[in-house]
Amino acid sequence: MAQITDSPYTGLLYQDFIARLVLEREARTYLEIGVQNGINLSKISVPSAFGVDPGFALTVDPTAGKESLRLYRMTSDRFFRDHADEVRSAGPLDFAFLDGMHLFEYLLRDVYNTERLSGRSGLITIHDCLPFDGEMIERQNNTPGRTPGPWAAAWTGDVWKIIPIIQKYRPDLRVILVDCAPTGLVCLTNLDPSSTVLEDRYLDIVAEFHAMPNDRAALEAFFDSQQIVSAEAVVANFGHSLPFRI
Ligand SMILES: C[S@@+](CC[C@H](N)C(=O)[O-])C[C@H]1O[C@@H](n2cnc3c(N)ncnc32)[C@H](O)[C@@H]1O
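Definitions and cut-offs
- Residues numbered from 1 in each chain as written.
- Predicted model: local features only at pLDDT ≥ 70, side-chain atom pairs only at ≥ 80, totals over all residues.
- Heavy atoms only, no water.
- Axes fitted to C-alpha atoms, helices over the stretch in contact; angles between N-to-C directions.
- Helix = DSSP H or I, 4+ residues; strand = E, 2+ residues; numbered from the N terminus.
- Parallel < 35°, antiparallel > 145°, perpendicular 65-115°, else oblique.
- Left-handed = near helix turned anticlockwise from the far one by under 90°.
- Contact = heavy atoms within 4.5 Å.
- Nonpolar A, V, L, I, M, F, W, Y, C, P; charged D, E, K, R; others polar.
- Buried < 20%, exposed > 50% of the residue type's maximum accessible area, 1.4 Å probe, protein only.
- Pairing = 2+ DSSP bridges.
- Salt bridge = Lys/Arg side-chain N within 4 Å of Asp/Glu carboxyl O.
- Phe/Tyr/Trp six-rings, centres within 6.5 Å; stacked < 30°, edge-to-face > 60°.
- Lys NZ or Arg CZ within 6 Å of the ring centre and 35° of its normal.
- 1 Å grid on protein atoms, 1.4 Å probe; cavity = no way out; pocket = protein on both sides within 12 Å on 5 of 7 lines; lining within 4 Å.
- Points joined across faces, edges and corners; volume = space filled by probe spheres on them.
- Near = heavy atom within 4 Å.
- Polar contact = N/O pair within 3.5 Å; in protein donor to acceptor, adjacent residues only side chain to side chain.
- Areas by Shrake-Rupley, 256 points an atom, 1.4 Å probe, with all protein chains shown as cover.
- Core = buried A, V, L, I, M, F, W, Y, C linked by side-chain atoms within 4.5 Å.
- Expected span 1.5 Å × (residues − 1).

Draft legend 1. Quick peek at the packing of helix 3 (residues 76–88) against helix 4 (residues 104–116). Where helix 3 meets helix 4, the closest approach of the two axes is 10 Å, and the angle between their N-to-C directions is 25 degrees. Looking at the two axes, helix 3 sits roughly parallel to helix 4. Considering how the two elements wind past one another, helix 3 and helix 4 form a crossing that is left-handed. Between helix 3, through Ser 76, Asp 77 and Phe 80, and helix 4, the contact on the second element is made entirely by Arg 109, Asp 110, Asn 113 and Thr 114. Of the residues contributing to the contact of helix 3 with helix 4, the split by class is 1 nonpolar, 3 polar and 3 charged.

The structure is reproduced here in structure tokens:
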């Protein structure tokens, strides 16, 4: 069976990159959607953090490095509907990591709901948007009835479609693709918490991008047109990595 190290993305592990970025940016508030075992969250040092997951399976202490951590056992949709004011009371979000349900229409809601709670100089990171195998992008995780291939366990779903969606509907956002292992990291800056474009156009966008092919050929065609930056290079030169500073 192929190992995760077979990924073409050989940059820093996404968890190490995010932890460094949070420190470099001196983030005061952090939100993670999709916490699972808490390993990524436990590496984050920040005064105030929020974590959301309908099915926590914590194996580590997620409070490490934090003065305050609030955990919400629920879907992100319910969290944003019922608990947004608790986030607001801690101030605008400086940093978010979106790693919940791996279907693009869920992620699209996570993006616009998170941006609304963010500061203009906040940064939103998104996991799993640089897939490289046809099996990992299937909309159903481990489709019943077929023999799992080497990447069956590394399910990214079709969240990669968030990149063309944002590039088309929110050209004002800065989108940076980073080669973090194993399935890449997307960074969004130049946030506009007052923007309602993605929410207003939600149904049209979902219909349009649901019709977009989701197979290896579509992936290759799309990523041929994209620039992917080196995580190592960004970390080595934070002081001059303007998109990651502002
Ligand atoms: C890939 S895991 C997260 C891993 C974690 N961020 C890390 O890097 O260590 C995805 C998690 O998303 C959670 N999830 C699934 N649907 C969700 C939803 N609608 N809202 C929030 N989280 C969801 C799952 O329960 C699962 O624990």
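Draft legend 2. How the structure looks around the pairing of strand 7 (residues 185–189). For strand 7, the tally of buried residues reaches 5 of 5 residues, placing the bulk of the element in the interior. Residues Leu 185, Cys 187 and Thr 189 point to one face of strand 7 and Val 186 and Leu 188 to the other, with burial holding for every one of them. Looking at chain direction, strand 5 (residues 118–127) and strand 7 are connected through 4 bridges and run antiparallel. Its bridge partner being in strand 7, Ile 124 is matched across the sheet by Leu 188. Here 5 bridges tie strand 6 (residues 174–178) to strand 7, and the two strands are oriented antiparallel to one another. Paired with Val 175 across the strands is Leu 188, a residue of strand 7. Here strand 6 folds back onto strand 7, and the loop between the two strands holds 6 residues, one of which, Gly 184, carries a positive phi near 80 degrees.

Draft legend 3. Spatial organisation of the pattern of salt bridges. For the structure on display, the rule yields 16 salt bridges. A salt bridge links Arg 28 to Asp 94; the nearest nitrogen and oxygen atoms lie 3.0 Å apart. One end of the pair, Arg 28, is in the loop between helix 1 (14–24) and strand 1 (29–33); the other, Asp 94, is in strand 4 (residues 93–98), with 66 residues separating them in the sequence. The class of Asp 94 is buried, set by a relative accessible area of 13%. Here the residues in one salt-bridge network are Arg 78, Arg 81 and Asp 82, joined through shared partners.

Draft legend 4. Representation of the packing of aromatic side chains. Using the criterion set out here, one finds 10 aromatic pairs in the structure. Through a chain of ring-to-ring contacts, the aromatic side chains of Phe 50, Tyr 72, Phe 79 and Phe 80 assemble into a single cluster. Against the face of Tyr 106 rests Arg 109, its NZ or CZ located 4.7 Å from the ring centre.

Draft legend 5. Summary view of the layout of surface pockets. When its volume is computed, the largest pocket comes out at roughly 940 Å³. Taken together, 40 residues make up the lining of the largest pocket; nearest its centre are Gln 36, Asp 99, His 102, Asp 128 and Trp 155. Every element with two or more residues in the lining of the largest pocket is listed here: helix 1, strand 1, helix 2 (39–42), helix 3 and helix 4. Its residues assigned to classes, the lining of the largest pocket shows 19 nonpolar, 15 polar and 6 charged.

Draft legend 6. The site of the ligand, seen in detail. Within the structure, the ligand sits among 17 residues, and Tyr 14, Gly 34, Asp 53, Ser 76 and Asp 99 are positioned closest to it. Measuring from an oxygen atom of the ligand, one finds a side-chain N or O atom of Asp 53 at 2.6 Å. The contact in question runs from a nitrogen atom of the ligand to an N or O atom on the backbone of Ser 76, over 2.9 Å. For the ligand, whose free accessible area comes to 600 Å², the fraction covered by protein is 84%.

Draft legend 7. Structural detail: the nonpolar core. One finds Leu 31, Phe 79, Val 111, Ile 126, Ile 162 and Ile 163 to be the most contacted residues of the largest nonpolar core, which totals 50 residues. Excluding residues that lie within four positions of it along the chain, Leu 31 makes contacts with Phe 50, Val 52, Phe 79, Phe 80, Leu 93, Phe 95, Ala 96, Phe 97 and Thr 114. Formed by 26 residues, the second largest nonpolar core is a distinct cluster that contains Leu 21, Ile 44, Ala 49 and Leu 123.

Draft legend 8. Broad picture of helix 4. For helix 4, with 13 residues, the first-to-last C-alpha span of 18 Å sits near the 18 Å given by 1.5 Å per residue. Here helix 4 has its buried residues at Phe 104, Glu 105, Leu 107, Leu 108, Arg 109, Asp 110, Val 111, Tyr 112, Asn 113, Thr 114 and Glu 115.

Draft legend 9. Representation of unusual backbone geometry within the structure. Residue Pro 182 is reached from Ala 181 by a cis peptide bond, and omega for that bond is -5 degrees. Its location among the elements puts Pro 182 in the loop between strand 6 and strand 7. Although it is not a glycine, Glu 26 adopts a positive phi angle of roughly 50 degrees. Within the secondary structure layout, Glu 26 lies in the loop between helix 1 and strand 1. Residue Gln 36 is not a glycine yet carries a positive backbone phi of 50 degrees. The topology assignment puts Gln 36 in the loop between strand 1 and helix 2.

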